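# Secondary and tertiary structure notes
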Amino acid sequence: MDVILTQDVKSLGKKGEKVRVNDGYGRNFLLPRGLAKEANAQAISELKNREAATAYKKAEELKKAKEDAAKMEGKTIVVTAKAGQNGKLFGSVTSKEIAEALLSQYGVSADKRKITCAEIKAFGTYECEVKLHADVTAKCFVRVGE
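Reference entry: report on the structure contained in this document. (Residues numbered from 1 in each chain as written. Predicted model: local features only at pLDDT ≥ 70, side-chain atom pairs only at ≥ 80, totals over all residues. Heavy atoms only, no water.)

## Here we look at the state of the cysteines
As enumerated under the stated definition, the model contains one disulfide in all. With its sulfur 2.2 Å from that of its partner, Cys117 forms a disulfide with Cys128. Where Cys117 bonds to Cys128 through sulfur, the torsion about that S-S bond is close to -70°, and the disulfide is left-handed. You can see Cys117 sitting in strand β6 (residues 115-117) and its partner Cys128 sitting in strand β8 (residues 124-131), a full 11 residues away along the chain. For Cys117, a relative accessible area of 31% corresponds to the partly exposed category. (Disulfide = S-S within 2.5 Å. Helix = DSSP H or I, 4+ residues; strand = E, 2+ residues; numbered from the N terminus. Buried < 20%, exposed > 50% of the residue type's maximum accessible area, 1.4 Å probe, protein only.)

Put into structure tokens, the structure is as follows:
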């Protein structure tokens, strides 16, 4: 018997997978508990449509990430900070501030946890790496000034 899982089932498969099970196991355990539904023509076409929609969404996310990377690749992000004598900052420039500056200057939304940069505690220009997608990273520069 072929079934499509509606929830993750340990040692059988993940939600949305089509699996082959024994007739008794499917009829007496999976179907009554709502863990699976019978793999008829309608259910299979729904599964294919869902997979196609997921693939399209992932492709669109990758395309947007590549466009954003092209916008900011090699560009300089200007961040202002207050400093004492000798250009030493009060505190440091955080990845949150860099993410906000990136959004305001280039219109690129980046998660602050995906920005890797050396610790910025003085005026100057620093190189940063922003991970926009699992396959897309962009290098940019952060210039800290008053």
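## Points about the sheet that holds strand β4 (residues 76-80)
An order of β4-β9-β8-β6 is seen for the four strands of this open sheet, with the pairing classed as mixed. Lying at the two open borders of the sheet, with one neighbouring strand each, are β4 and β6. Direction aside, the axes of adjacent strands within the sheet are offset by 35° on average. Pairing between β8 and strand β9 (residues 137-145): eight bridges, direction antiparallel. If you follow Cys128 over to β9, its bridge partner there is Cys140. (Pairing = 2+ DSSP bridges. Axes fitted to C-alpha atoms, helices over the stretch in contact; angles between N-to-C directions.)

## Re the nonpolar core
Ranked by internal contacts, the top residues of the largest apolar core, which has 25 residues, are Val93, Ile98, Ile120 and Val144. Those residues in contact with Ile120 that sit more than four places away from it in its chain are Leu89, Ser92, Val93, Ile98, Tyr126, Val142 and Val144. In this structure, Val9, Val21, Leu30 and Leu35 belong to the second largest nonpolar core, which totals eight residues. (Core = buried A, V, L, I, M, F, W, Y, C linked by side-chain atoms within 4.5 Å. Contact = heavy atoms within 4.5 Å.)

## Considering the pattern of salt bridges
Following the criterion strictly, the structure yields six salt bridges and no others. Between Asp2 and Arg20 there is a salt bridge whose closest N-O contact spans 2.6 Å. One end of the pair, Asp2, is in strand β1 (residues 2-5); the other, Arg20, is in strand β2 (residues 18-20), and 18 residues separate them in sequence. Two residues, Glu119 and Lys121, come together in a salt bridge whose shortest N-O distance is 3.8 Å. (Salt bridge = Lys/Arg side-chain N within 4 Å of Asp/Glu carboxyl O.)

## So, the environment of Val19
Its location among the elements puts Val19 in strand β2. Given a relative accessible area of 12%, Val19 falls into the buried group. Sequence separation between Val19 and Glu51 is 32 residues; the distance between their C-alpha atoms is 16 Å. Those residues within four positions of Val19 in sequence are excluded, and the remaining contacts are Met1, Asp2, Val3, Leu5 and Leu12.

## Details of the sheet that holds strand β3 (residues 36-38)
A sheet is described by the order of its strands in space; here three strands give the open sequence β2-β1-β3, paired in antiparallel fashion. Edge positions in the open sheet fall to β2 and β3, since each of these has one partner strand only. Strand-to-strand, the axes of this sheet are offset by a mean angle of 40°, without reference to chain direction. The pairing of β1 with β2 spans three bridges and is antiparallel. By the bridge assignment, Ile4 is partnered in β2 with Lys18.

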